[in-house]
Amino acid sequence: MAASYRKIDYRVRPAKSVERKMLAEILRKLGEFGRLEDYRYIGFGSLYFSDFKLFHRLLGFDSMISIENTNEPSTRQRFDFNIPYRHVKMQYGLSTHVLARLDWHQRTVLWLDYDGNLDQTVLTDIETVCIKAKPGSAIFVSVNANPPVEHDEEGKQLPVMDALKSRVGDELIPLDTKPNDLSGWNTARVYRTIIQTKIEETLRKFNGVRPAGSRLVYRQLANFHYEDGARMLTVGGVLFEADQEHHFSRCDFQKLPFVAQGADSYLIDPPFLTFKEVRAIDASIPLAEADYGNLSIPRADVEKYMKVYRYFPNFIESEV
Ligand SMILES: C[S@@+](CC[C@H](N)C(=O)[O-])C[C@H]1O[C@@H](n2cnc3c(N)ncnc32)[C@H](O)[C@@H]1O
């Protein structure tokens, strides 16, 4: 598959833009575990480094690592050229190799924002992070949540359940999964369950020999569904030691309306509005019931906008 940065300008995807800002708000609350400025950020910045720029500006991360899967010298040069701040260091190679060779003494926020569906690479990366990350670290994973498609050696498309098994193996797929569970948004639900099970299994093995207070716990914070073209799932949360439960409570994550701590997802669904419409709604916030009738915008779109207006992107053509 051609690398996505050749096909997609990640700066102009509205739902992803909202997602970045919502993630930033979640991350801001991590400060109860340690100074945010002292966290390291690991992500896949692509050519545009949109997540790196936003998180550096809003959260003050100074230590940042962007992973990119290329070993081609001229492509590397292009990524190096686009690094937005000296704080950002590139690590080239597949995430699985890079994550295994990094040092993990620093508390870390990871956003592994993959191009493809859930597969063994993603699951191996999750395992590495769960084993190596310092308590108080946070991991978020984004995957394409369209139903998996695989072909046999003769080029014939495999049944969807076989396609899923060939990508993630047998063990993590919930026993009662049926082909119908891999249609529409159901695929994202199955993927979330598989990721959750992978994290729980890894922690169970890892915790076996540890004293009760220092056993690692995972609490989910994000379960976003969104669609800028393909259906996407972002799931993740914080890893901490059982003795740090009071830090977790003080973070008050559940105060954010988009924080999702279980199987129920939060749909990021920004409406399509003109700038004039955006300005008209903004000027009426907080909206009273009568305002809905006065705006010449479908009520459903106004309601969608109200859920995301603090994170709504303003895309204009510009050269900066
Ligand atoms: C979806 S984009 C990242 C977008 C970015 N997070 C943002 O907020 O705009 C994914 C980038 O990571 C690279 N990539 C995807 N999977 C990877 C992997 N497993 N290891 C290393 N790089 C990967 C892709 O080539 C692409 O440049």
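Residues numbered from 1 in each chain as written. Predicted model: local features only at pLDDT ≥ 70, side-chain atom pairs only at ≥ 80, totals over all residues.

## A closer look at the overall build of the protein chain
The following threshold applies: Only DSSP runs of H or I covering at least 4 residues are called helices, and only runs of E covering at least 2 are called strands; the numbering of each starts at the N terminus. Only the C-alpha atoms count toward the radius of gyration. The rule for a globule is 2.2 Å times the residue count to the power 0.38. Whether a residue is buried, exposed or partly exposed follows from its count of other C-beta atoms within 10 Å of its own C-beta, namely 20 or more, 12 or fewer, or something in between, respectively; the C-beta atoms are built from the backbone. By definition, residue pairs are in contact when their C-beta atoms, positioned from the backbone, come within 7 Å.
A tally of helices and strands in the protein chain yields eleven helices and eight strands. Computed over C-alpha atoms, the radius of gyration of the protein chain comes to 20 Å, within 12% of the 20 Å expected from 2.2 N^0.38 for 320 residues, which places it in the range of a compact globule. For the protein chain, the spread of C-alpha atoms along the three principal axes comes to 60 × 55 × 45 Å. Per-residue burial for the protein chain yields a buried fraction of 33% across its 320 residues. Within the protein chain, contacts between residues at least 6 apart in sequence are counted, and of these 70% link residues at least 24 apart.

## Observations regarding helix α6 (residues 160-168)
For clarity, the threshold we go by: Taking the helix axis as origin, the arc is that swept by the directions to the C-beta atoms.
Looking only at α6, the buried set comprises V160, L164, R167 and V168. Considered in projection along α6, the buried side chains sweep an arc of 75° and stay on one side of the axis. Here the buried face of α6 lies against α5 (120-132) and α7 (186-207). Phi for G169, located one or two positions after α6, is positive at around 80°.

## Describing the pairing of strand β5 (residues 137-144)
The condition is simple: Each pair of strands is called paired provided DSSP finds at least two bridges between the two strands. A crossover gets the label right-handed when its path from the first strand over the helix to the second runs clockwise, viewed with the strands pointing away from the viewer.
β5 sits mainly inside the fold: seven of its eight residues count as buried. Two elements, strand β4 (residues 108-113) and β5, share five bridges in a ladder whose sense is parallel. Bridging from a neighbouring strand, D113 pairs with S142 of β5. Each parallel crossover has a hand, and the one from β4 via α5 to β5 is right-handed.

## Remarks on unusual backbone geometry
The step from I285 to P286 runs through a cis peptide bond, and the omega angle for that step is 0°. Tracing the backbone shows P286 in the loop between α9 (275-284) and α10 (289-294). We note that S46 has phi near 55°; this positive angle belongs to a residue other than glycine. S46 gets classed as buried once you count the C-beta atoms within 10 Å, which come to 23. Despite not being glycine, F49 has its phi angle at roughly 55°, a positive value. Tracing the chain through its elements places F49 in the loop between β1 (40-43) and α2 (50-59).

## Considerations on the packing of helix α1 (residues 14-28) against α2
Note the following rule: Angles shown run from 0 to 180 degrees and are taken between the N-to-C directions of axes, each axis being a line fitted to C-alpha atoms and, for helices, limited to the stretch in contact. Here roughly perpendicular refers to angles of 65 to 115 degrees, roughly parallel to angles under 35, roughly antiparallel to angles over 145, and oblique to all remaining angles. It is the rotation of the near helix from the far one that decides the hand of a crossing: anticlockwise by less than a right angle makes it left-handed, clockwise makes it right-handed. Residue classes follow a fixed rule: Ala, Val, Leu, Ile, Met, Phe, Trp, Tyr, Cys and Pro count as nonpolar, while Asp, Glu, Lys and Arg count as charged, and any other residue, Gly among them, counts as polar.
For the pair α1 and α2, interaxial distance at closest approach is 10 Å and the crossing angle is 40°. Put simply, α1 runs oblique to α2. Crossing geometry of α1 relative to α2 is assigned as right-handed. Where α1 approaches α2, its residues R20, K21, A24, L27 and R28 are matched on the opposing element by S50, D51, L54, F55, L58 and L59. Split by residue class, the contact of α1 with α2 holds six nonpolar, one polar and four charged.

## Examining the domain arrangement of the protein chain
Size of an interface, as often reported, equals the accessible area lost when the parts are brought together. Threshold: The split into domains, and so the bounds of each, comes from an automatic or database assignment of domains.
Here the protein chain is partitioned into domain 1 (4-268) and domain 2 (275-311). The gap between the C-alpha centroids of domain 1 and domain 2 is 32 Å.

## Some remarks on the pairing of strand β3 (residues 88-92)
When strand β2 (residues 63-68) meets β3, the two strands line up parallel, connected through five bridges. Counterpart to M64 in the pairing with β3 is V88. For the handedness criterion, the β-α-β arrangement of β2, helix α3 (residues 73-82) and β3 is classed as right-handed.

## Focus: the sheet that holds β1
Across a sheet, paired strands are connected by hydrogen bonds in the backbone, their directions being either parallel or antiparallel. Spatially, β3-β2-β1-β4-β5-β7-β6-β8 is the arrangement adopted by the eight strands of the open sheet, whose pairing is mixed. The open sheet has two edge strands, β3 and β8 (266-268), and neither has a second partner. In this sheet, neighbouring strand axes are inclined to one another by 20° on average, regardless of whether the strands run parallel or antiparallel. Alignment of strand β6 (residues 216-227) against β8, held across three bridges, turns out to be parallel. For F224, the partnering residue across the bridge sits in β8 and is Y266. Of the strands in this sheet, β4, β5, β6, β7 (231-241) and β8 touch α1, which is tilted by about 155° from β6.

## Things to note about the nonpolar core
The condition that has to hold: Under the definition applied here, buried Ala, Val, Leu, Ile, Met, Phe, Trp, Tyr and Cys residues are grouped into a nonpolar core through C-beta atoms within 7 Å.
Judged by nonpolar contacts, the single largest core of 70 residues is most densely connected at V141 and Y191. A domain-level breakdown of this core finds at least three residues from each of domain 1 (4-268) and domain 2 (275-311). Residue contacts for Y191: discarding those within four places in its chain leaves L118, V143, A145 and L233.

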